[in-house]
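Residue-level structure breakdown
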Amino acid sequence: MNATLNPVRVVQELKELRALTGDENGAQRVAFTPVWVKARAWLKAKLAELTVEVHEDAAGNLWATLRGESERELLIGGHIDSVPNGGWLDGCLNVVAGVEILRRVAAQGKPPVTVRLVDWADEEGARFGKSLFGSSACSGALDMDEARGLVDRDGVTLPEALRAVGIDFERVKESGRELAKAAAYLELHIEQGPVLLDLGLPLGAVLGTFGVERHAITFRGQAAHSGSTPMKRRRDAFLAAAKMAPEIYAIADRHGGVCTIGSCATKPGIVTSVVAECRITLDQRHLDPKALAAMLADARAASERFATEGGVGVEWERIWHIEPRPFAPELIALCDEAIRETVGVSHRLPSGPLHDAAETCGAGVPTVMMFVQSLHGISHNKIEDTKEEHLEQSVAAFDRLASKAMAWIAAGGGRR
Ligand SMILES: [Zn+2]
């Protein structure tokens, strides 16, 4: 038995998975499809070589359990599903690194606490437009009425797609019992952004996932002839909306978050008319709930000011929101330590994208993530990549974090 961690094997296995489930356009492991089932079978074959118990829960999440001296559990999570034409690392890096950690821990004898790897089902939401399916069913946050009505491009409902892979939609929340003994949760992931790349650092400790406020803002003025209407007589809905563009940069700058106007639609939308109605969408994100609320309040106040200046009306409609999910300070410190011991220097950063870790965190399980640098700062694309040297370092640092977290739980740390 080999009791030494082998990060090179992780990179080899990731390439194996890529060859098995990708094509010339990238990864094709969309959840609940035959390619995803094939990826799962590959994962189960790897786990079959270990002394772990494997089962799928009511939501289709795959669990591999290595029993320890204590029933209290350290969870390591990831997702083997991908977006269509996805990258070779998003989600599966952690699953494959998790298998390697289970191998290393199992080879050293019975661990002090129970260690479990979970492959969450349908993290990406690529087919039904709703991400974090398996982890939100498990955390209890999944909105059953909303999920029941989801339909894919071919008219297949989510419950029908689940039935095809042996999952009963009405029972998915029974997966929640899997968290009963969870003391802590760890997730390794590629950064999917350019922060670590720009700093020239391989690894970072994640502070939490951003809270998100997503709104539609509609300005209503009056359509008028573009030739006959003097400039100062216009009630131009587009002018008021356009003033929001530089304003959100100032707001993001003031509070340290990010703001995006991602769409703009005008009515009547013809070249010879002043705009009567202009609908824009605003997405605001921040790790601090007070700062997020302040960014939203500032944007609202600005929209009302611009509406008054232009003699138009303004209406707000919330599309979606989620609270910020700050990770556990003790685990962030352990993550920092593990990174410093492996590569000399660490950096703390928030996560812009959501991850399954947001759901375990929301369910009250102390959680932390580790990020590894993304080349080009790009993901959800076949050009997604990370230097192999950095991948190997991430596996080594994450393994150290797992050991530290096990010791922390064994000493009484984590959720009880
Ligand atoms: Zn992911």
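Quick look at the structure, then. Please read all numbers here as calculations on a predicted model, not as lab measurements. (Residues numbered from 1 in each chain as written. Predicted model: local features only at pLDDT ≥ 70, side-chain atom pairs only at ≥ 80, totals over all residues. Heavy atoms only, no water.)

1. Describing the overall build of the protein
- In terms of regular secondary structure, the protein is built from twelve helices and 15 strands.
- Taking 2.2 N^0.38 as the reference for a compact globule, 416 residues should give roughly 22 Å; the C-alpha atoms of the protein span a radius of gyration of 24 Å, in line with that estimate.
- C-alpha atoms of the protein, sized along the principal axes, occupy 85 × 45 × 40 Å.
- Taken across its 416 residues, the protein has 54% of its residues classed as buried.
- Here the analysis covers contacts within the protein between residues at least 6 apart in sequence; of these, 79% occur between residues at least 24 apart.
- Surface summary for the protein: the accessible area is close to 17,500 Å², and the carbon and sulfur share equals 52%.
- For the protein, the distance from the average site of its 47 positive side-chain charges to the average site of its 56 negative ones is 3 Å. (Helix = DSSP H or I, 4+ residues; strand = E, 2+ residues; numbered from the N terminus. Rg over C-alpha atoms; globule rule 2.2 N^0.38 Å. Buried < 20%, exposed > 50% of the residue type's maximum accessible area, 1.4 Å probe, protein only. Contact = heavy atoms within 4.5 Å. Areas by Shrake-Rupley, 256 points an atom, 1.4 Å probe, with all protein chains shown as cover. Lys, Arg positive; Asp, Glu negative; His and termini not counted. Charge placed at Lys NZ, Arg CZ, Asp CG, Glu CD.)

2. Brief notes about the coordination of the zinc ion
- Within the protein, His-79 (NE2), Asp-90 (OD) and His-189 (NE2) serve as the donor atoms for the zinc ion, at 2.0 to 2.2 Å.
- Here the donor residues of the zinc ion are spaced in sequence according to H-x10-D-x98-H. You can see His-79 sitting in the loop between strand 5 (70-78) and helix 3 (92-107) and its partner His-189 sitting in strand 7 (residues 182-190), a full 110 residues away along the chain. For the pair shown, His-79 and His-189 are each scored as buried. (Donors = N, O, S within 2.8 Å, 3.2 Å for Na, K, Ca; no water.)

3. Re the sheet that holds strand 9 (residues 211-220)
- Read from one edge of the open sheet, four strands run 10-11-9-12, paired in antiparallel fashion. Two strands lie at the open edges of the sheet, namely strand 10 (258-267) and strand 12 (313-322), each paired on one side alone. Put simply, the sheet's adjacent strands are angled 15° from each other on average, direction ignored.
- Inspection of the sheet shows strand 10 paired to strand 11 (residues 277-286) by nine bridges, in the antiparallel sense. Bridging across to strand 11, Cys-264 finds its partner in Ile-280.
- Seen against the sheet, helix 9 (residues 289-310) touches strand 9, strand 10, strand 11 and strand 12 and runs at an angle of roughly 160° to strand 11. (Pairing = 2+ DSSP bridges. Axes fitted to C-alpha atoms, helices over the stretch in contact; angles between N-to-C directions.)

4. So, the pattern of salt bridges
- The full count for this structure, using the stated rule, is 31 salt bridges.
- One salt bridge in this structure joins Lys-15 and Glu-388, with 2.7 Å as the shortest N-O distance. Of this pair, Lys-15 sits in helix 1 (residues 7-21) while Glu-388 sits in helix 12 (residues 388-410), placing them 373 residues apart in sequence.
- One salt bridge in this structure joins Arg-116 and Glu-73, with 3.4 Å as the shortest N-O distance. Highlighted residues: Arg-116 in strand 6 (residues 113-119) and Glu-73 in strand 5, separated in sequence by 43 residues.
- By relative accessible area, which is 6% here, Glu-73 ends up buried. (Salt bridge = Lys/Arg side-chain N within 4 Å of Asp/Glu carboxyl O.)

5. Overview of helix 3
- Spanning 16 residues, helix 3 covers 23 Å between terminal C-alpha atoms, matching the ideal 22 Å at 1.5 Å per step.
- Taken across its 16 residues, helix 3 has 15 buried, putting it largely inside the fold.
- Positive backbone phi, approximately 100°, marks Gly-109, located one or two places after helix 3. (Expected span 1.5 Å × (residues − 1).)

6. Examining the side chain of Thr-229
- Relative to the helices and strands, Thr-229 resides in the loop between strand 9 and helix 8 (237-255).
- Under the relative-accessibility criterion, Thr-229 is labelled buried at 14%.
- Residues contacting Thr-229, with those up to four places away along its chain left out, are Ala-224 and Arg-234.

7. Comments concerning the nonpolar core
- Counting 95 residues, the largest nonpolar core has Phe-32, Leu-47, Leu-74, Leu-102, Leu-158 and Leu-401 as its most contacted members.
- Other than its neighbours up to four places away in sequence, Leu-47 contacts Val-52, Val-54, Leu-62, Ala-64, Val-99, Leu-102 and Leu-117.
- Counting 23 residues, the second largest nonpolar core, distinct from the first, contains Leu-282, Phe-306, Ala-307 and Trp-316. (Core = buried A, V, L, I, M, F, W, Y, C linked by side-chain atoms within 4.5 Å.)

8. Side note on the packing of helix 8 against helix 9
- At their nearest, the axes of helix 8 and helix 9 sit 10 Å apart, and the two run at 150° to each other. In terms of axis orientation, helix 8 runs roughly antiparallel to helix 9. For the pair helix 8 and helix 9, the sense of crossing is right-handed. Contacts between helix 8 and helix 9 pair Ala-240, Lys-243, Met-244, Glu-247, Ile-251, Ala-252, Arg-254 and His-255 from the former with Ala-291, Ala-294, Met-295, Asp-298, Ala-299, Ala-302, Ser-303, Arg-305, Phe-306 and Glu-309 from the latter.
- Looking at the contact of helix 8 with helix 9, its residues break down into ten nonpolar, two polar and six charged. (Parallel < 35°, antiparallel > 145°, perpendicular 65-115°, else oblique. Left-handed = near helix turned anticlockwise from the far one by under 90°. Nonpolar A, V, L, I, M, F, W, Y, C, P; charged D, E, K, R; others polar.)

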